[in-house]
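One letter stands for each residue in the lines below.
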Amino acid sequence: MAGKIPRSNDNDYGSDIIKQRQDFIEQETGAKLHHTKQFSFNPENMSGNIENIFGVAQVPVGIAGPLLVNGEYAQGEFFVPMATVEGTMLASYNRGMKVIRESGGVLTTVTDVVMQRAPCFVFKDARQARDFTLWLDQNFLEIKARAETTTSVGKLNEIERYHVHNMVYTRFDYSTGDAAGQNMTSRATFVACEWIREQNPHMSHYLLSGSFDTEKRTSSVNLLKGRGRRVTAEITIPKDVMKQHLKVTPEAMHYGQGISTLAALLTNSSNNAAHPANGLAALYLATGQDIANIGESNQCTTYNKVTRNGDYYYSITLPSLIVATYGGGTSLATQRECLEIMDCYGADKAMKFAEIAAGLVVAGELSLAAATRTDKETRTNDWVDAHERLGRNK
């Protein structure tokens, strides 16, 4: 029978208990730990971020850039840290960033900021449920006041409600400052829901999370209503820049994007982009984001056209880009350093970080979309060739 993982009620992040867990793992599994034992920061700073800590996973971190962003919050050139084990990826993003620089930069716009918790309220019948939706509207200001007693940052801006059968699914929509806000909104919504329950004794019960926020999953409601930050990044690339650096014409790029969009429709994909999750996951891992948020953050739509001048216009909207520059894993030693590379650590930096993230996605999309096209004359493919030279195929 396997032993019990060592724990300490006094200090579960001290060097002694960590050493006990390391010895325990070696004894129980036969594995010999060396690299996972070595780290340069105080493990007690990990309290609140992980349990049963015994070491670290060292993931390679590379740098891409500079990325030229013409945003409202991110303005100028940025070097972007990306943590990944996928060869060729940073080389591809660097190529896309070069095209962006040669085209004058990527224009980024944040149009909405919202984080939800989505309780479901259950009643005896549909009529009671319908009446409850009206009650929510009438009492919104009091509900808002109750929710906001739990936080100095979070603000309840709206309660969406969707009446189905004898249930009312809601989405409590908050602004959360520079934090991602999932924990913040959970606490605030719980306090509000307890007050709502007290005022509605005929209610059967409620679930604090009825899953209508679709946290860490793609969904049509988040595609339309948003979750996190809704960001659009767009660029017009001169046709000569396209031909020189991407080896493709605007017409060929537009044609291929149309085929890819049809494939997204046929396969019921969460987006019609090439690989937004690649760049976002690498950025999230480097900067202490909740990596599971990729499940919704990579959801997006793309739009492209050939302009009247024969240039190439490309745009991507990320409706559920969940990022933070404060709280969570952002203050951990290596993650903070990576945020500081972009001047994105701490208060009042989340919008800037979101714009850089959106620009990063554009760089990856342009590069990969062009790389998958096969040259008619040489019968070569940049995507295959790059993996042969730089990636796992070498």
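Along every chain, residues carry numbers that run from 1 in the direction the sequence is written. Under the rules for a predicted model, residues below a pLDDT of 70 receive no local features and side-chain atom pairs below 80 are neither given nor counted, while totals for whole chains, interfaces and linings still include all residues. The side-chain numbers reported here are obtained from all heavy atoms of the structure, hydrogens and water having been left aside.

The next point concerns the environment of Val 110. Within the secondary structure layout, Val 110 lies in strand β3 (residues 106-117). When the C-alpha atoms of Val 110 and Leu 265 are compared, they prove to be 26 Å apart, with 155 residues separating the residues in sequence. Once you skip the residues sitting within four places of it in the chain, Val 110 turns out to touch Glu 72, Arg 230, Val 231, Met 351 and Glu 355. For helices the rule is a DSSP run of H or I covering at least 4 residues; for strands it is a run of E covering at least 2, with both sets numbered from the N terminus onward. Whether two residues are in contact is decided by their heavy atoms, any of which lying within 4.5 Å being enough.

A separate point is a nonpolar patch on the surface. Here a patch means residues that are over 30% exposed by relative accessible area and free of salt bridges, tied together within 9 Å if like-charged and within 5 Å if nonpolar (Val, Leu, Ile, Met, Phe, Trp, Tyr). Here the Shrake-Rupley method, with its probe set to 1.4 Å, supplies the accessible areas, and only the displayed protein chains count as covering residues. Definition used for salt bridges: Asp or Glu carboxyl oxygen within 4 Å of a side-chain nitrogen of Lys or Arg. Nonpolar side chains collect at one region of the surface, where Val 59, Val 85, Leu 285 and Ile 291 lie side by side and expose about 320 Å² of accessible area between them. Exposure categories follow from relative accessible area, calculated using a 1.4 Å probe and restricted to protein chains: below 20% of the type maximum is buried, above 50% is exposed, and the middle band is partly exposed. Here Val 85 falls in the exposed class, since its relative accessible area comes to 61%.

Right, let's get into the environment of Glu 340. Looking at where Glu 340 falls in the secondary structure, it is placed in helix α11 (residues 333-341). Distance in space between the C-alpha atoms of Glu 340 and His 163 is 45 Å, their sequence separation being 177 residues.

Of note, the bond from Gly 65 into Pro 66 is cis; its omega dihedral lies within 30 degrees of zero at 0°. Checked against the element boundaries, Pro 66 lands in strand β1 (residues 61-70). The backbone of Thr 88 shows a phi angle near 80°, a positive value even though the residue is not glycine. Of note, Thr 88 is situated in the loop between β2 (75-83) and α2 (89-102). With relative accessibility at 14%, the residue Thr 88 sits in the buried group. Unusually for a residue other than glycine, Ser 211 sits at a positive phi of about 75°.

In this section: the confidence of the model for the protein chain. Scored between 0 and 100, pLDDT is the confidence that the predictor attaches to each residue. Predicted confidence across the protein chain gives a mean pLDDT of 93, with 94% of residues reaching 70 or more. pLDDT under 50 marks residues 377-384. Its contacts with residues more than four places away, or in other chains, come to 14 contacts.

Our next topic: the side chain of Gln 116. Tracing the backbone shows Gln 116 in strand β3. Look at Gln 116 and you get buried, because its relative accessible area is 0%. N or O atoms closer than or at 3.5 Å make up a polar contact, with two conditions inside protein: a donor-capable atom paired with an acceptor-capable one, and, for residues adjacent in sequence, both atoms drawn from side chains. Side chain to side chain, Gln 116 and Asp 173 meet in a polar contact 3.3 Å long. When sequence neighbours within four positions are dropped, the list of residues in contact with Gln 116 reads Arg 171, Phe 172, Asp 173, Thr 185, Asp 213, Asn 222, Gly 226 and Arg 227.

Between two aromatic rings, the relevant description is the distance of the centres plus the angle of the planes. Each Phe, Tyr or Trp ring (for Trp, its six-membered ring) is paired with any other whose centre lies within 6.5 Å, and the angle between the two planes then decides the class: stacked below 30 degrees, edge-to-face above 60, tilted in between. With the rule as written, the count across this model stands at ten aromatic pairs. Measuring from centroid to centroid gives 5.9 Å for Phe 132 and Trp 135, while their planes differ by 15°, and the two rings are stacked. On the criterion of helical spacing, the pair formed by Phe 132 and Trp 135 is a turn pair, its members being three residues apart in helix α3 (residues 126-138). With relative accessibility at 17%, the residue Trp 135 sits in the buried group.

This part is about the pairing of strand β6 (residues 167-175). Pairing of β3 with β6, which is carried by three bridges, proceeds in the antiparallel orientation. Residue Gln 116 lies in a different strand from β6, and its bridge partner there is Asp 173. Note that strand β4 (residues 120-122) and β6 share three bridges and pair antiparallel. When the bridges of β6 are listed, Val 122 appears paired with Met 167. Direction of pairing for strand β5 (residues 155-164) relative to β6: antiparallel, over a ladder of nine bridges. Here a strand pair is declared whenever DSSP counts at least two bridges between the two strands.

Here we take up the pattern of salt bridges. Tallied over the full model, the rule gives 18 salt bridges. In this structure, Lys 19 engages Asp 23 in a salt bridge whose closest nitrogen and oxygen atoms are separated by 2.8 Å. Of this pair, Lys 19 and Asp 23 are both found in helix α1 (residues 15-29), four residues apart, which corresponds to roughly one turn of the helix. Residue classification places Lys 19 among the partly exposed residues on the basis of a relative accessible area of 42%. We note a salt bridge from Arg 117 to Asp 213, for which the minimum N-O separation is 2.7 Å. With Arg 117 in strand β3 and Asp 213 in the loop between β7 (205-207) and α6 (220-225), the pair connects residues that are 96 residues apart, well separated along the chain. The class of Arg 117 is buried, set by a relative accessible area of 5%. Owing to a relative accessible area of 1%, Asp 213 belongs among the buried residues under this scheme.

Looking now at helix α12 (residues 350-371). For a helix, the expected span equals 1.5 Å multiplied by the number of residues minus one. For α12, with 22 residues, the first-to-last C-alpha span of 32 Å sits near the 32 Å given by 1.5 Å per residue. Counting buried positions along α12 yields 21 of 22 residues, so the element is predominantly enclosed.

Buried residues of nine kinds, namely Ala, Val, Leu, Ile, Met, Phe, Trp, Tyr and Cys, make up a nonpolar core once their side-chain atoms join them within 4.5 Å. Formed by 52 residues in total, the largest nonpolar core has its most connected members in Val 80, Met 82, Met 253, Leu 321, Val 362 and Leu 366. Among the elements that make up this core, the one with the highest residue count is α12 (twelve residues). Those residues in contact with Val 80, other than ones at most four positions away along the chain, are Gly 62, Ile 63, Ala 64, Leu 67, Met 97, Leu 283, Met 342, Ile 356 and Leu 360. Residues Ile 143, Val 168, Ala 192 and Trp 195 belong to the second largest nonpolar core, which totals 21 residues.

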